[in-house]
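Coordinate inspection notes
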There are 2 protein chains.
Amino acid sequence: MEGLESNKTEQQILEAAYRVFQKKGKAGARMQEIADEAGINKSMLHYYFRNKDSLFKKIFLQSITEFLGSVIPLINDQETTWEEKIKGLIGHYINFMRHRPDLPFFVMNEINQNSVEFFNHLNLNIGSTLMNSYFFIQLQEEMKAGKIRNLNPLQIFISILSNVIFPFIAAPMIKRVGKMSDEDWDSFISQRELFTSELIINYIVKI
Amino acid sequence: MEGLESNKTEQQILEAAYRVFQKKGKAGARMQEIADEAGINKSMLHYYFRNKDSLFKKIFLQSITEFLGSVIPLINDQETTWEEKIKGLIGHYINFMRHRPDLPFFVMNEINQNSVEFFNHLNLNIGSTLMNSYFFIQLQEEMKAGKIRNLNPLQIFISILSNVIFPFIAAPMIKRVGKMSDEDWDSFISQRELFTSELIINYIVKI
DNA sequence: GTCTATAGCGAGATAGAC
DNA sequence: GTCTATCTCGCTATAGAC
């Protein structure tokens, strides 16, 4: 029973820390705020996670894994065409960003802030995974066969991310510039999914 | 003479604050670090700018103006076609990001952190400027005439920004994934300029 | 495991000599 | 205008009772 209780507390802290760190960043987050958000005494944070740094590290690792890890099955799916993969990636990230609008910003911000060593240290071999992915192989084969435009697959992949993630990062600015209500924003994002799919695929296939 | 001296000191502080705030963000920046960067005694920061908040406000306002203001002449140029404007925008931002890779990230981060009121308070009427720009008018006319695809001009504009700015925001991640040296990165960015131009224009013109 | 009280320190801000 | 010394406060972290 004690074990369960402690797990519950620990879990509440983690969930609160997840929200606060992503919203405020490491430097801007306050241990007191995390404690309040969790409805738990501040000293419990230290009891379970020793200090701010190690709590942050846990959250950051979880965040970056969610952000990058979720695409791996998608890009290595043997059953889908490259075109379906592109649509799948765009749909996945639109959906992801709708639920966690702060996450990619948080991840990239902290990578920029903390030394690169820290980032290298948690060795997520995303690199080779992406460059050797079935998605990239498919694209290269189609290019060799002259069926699609001859392009750098990494540029294609970055374009997908750019078009879907950036709008969420710039959301406050876009809402203001476009004088959008929350419903306007929702439909803008729905439109964006289609827009991006067509934008990218159209460019790739045109000879 | 005194006036000149003080201006010089003030200027050095501003330049140092510009760099430090953009790199570390408001919460992460230290007054001591700004002073060191400027080669100037810490108390001088308070002498000239009263406190951290007001120094930050100055830098933020300058940053957001640089970021948004520089495009206004471009999108309202009466002498260029919509196609030239797109190429111009892409070229401008690639060049801009090369010299100030931290700026857009900084601006958008602080907009997210600080309350929206603060952002509203510095009323830069970018909104109506963009939506009523000559660029948007040109696009709408071409659409009405059936010469280009019928699209939301704001989606087009956001796509331009996304494809050019996001890669710089995600630079450390991209470099790592692509195992890039600094020269690799440079050529990736050069390639990106062409890629983005073709990507966008190709989609717009295809009937 | 959970709480209260408090130590310790870093950072922003000020006082005051020059 | 510029410097040194110092105040003050907020935040992380710990001690210790229960």
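Quick summary incoming for the structure in this document. (Residues numbered from 1 in each chain as written. Chains lettered and ligands numbered in written order. Predicted model: local features only at pLDDT ≥ 70, side-chain atom pairs only at ≥ 80, totals over all residues. Heavy atoms only, no water.)

**Comments concerning the relation of the copies chain B and chain A**
There are two copies of the chain, and a rotation about an axis plus a shift along that axis relates them. Superposing chain B onto chain A requires a rotation of 180 degrees together with a translation of 0.0 Å along the rotation axis, leaving an RMSD of 0.0 Å. Accordingly, the operation relating the two chain copies is best matched by a two-fold axis. If distances are taken from each C-alpha of chain B to the rotation axis, the shortest is found for Ser162 of chain B, at 2.6 Å. The share of interface residues of chain B whose copies in chain A are also at the interface is 100%, consistent with both copies meeting through the same surface. (Least-squares fit on C-alpha atoms with pLDDT ≥ 70 in both. Contact = heavy atoms within 4.5 Å.)

**A word on the interface of chain B and chain A**
With 56 residues of chain B at the interface, the matching set in chain A holds 56 residues. Here chain B packs against chain A, burying approximately 5,000 Å² in sum over the two surfaces, 65% of which is carbon and sulfur. The three residues of chain B that bury the most area against chain A are Gln155, Phe166 and Met173 of chain B, which together make up 14% of that side's buried surface. Seen at the junction of chain B and chain A, the total is 2 salt bridges. Note that Arg149 of chain A is salt-bridged to Glu198 of chain B, the shortest N-O span being 3.9 Å. There are 17 residue pairs in polar contact (both at pLDDT 80 or more) connecting chain B and chain A. Among the elements of the structure, α1 (2–28), α4 (52–69), α7 (103–113), α8 (116–121), α9 (126–131), α11 (153–169), α12 (171–177) and α13 (182–205) of chain B are those that each provide at least two residues to the side of chain B that touches chain A. Residue composition of the side of chain B that touches chain A, by class: 32 nonpolar, 16 polar and 8 charged. (Buried area = accessible area lost by both parts, 1.4 Å probe. Salt bridge = Lys/Arg side-chain N within 4 Å of Asp/Glu carboxyl O. Polar contact = N/O pair within 3.5 Å; in protein donor to acceptor, adjacent residues only side chain to side chain. Helix = DSSP H or I, 4+ residues; strand = E, 2+ residues; numbered from the N terminus. Nonpolar A, V, L, I, M, F, W, Y, C, P; charged D, E, K, R; others polar.)

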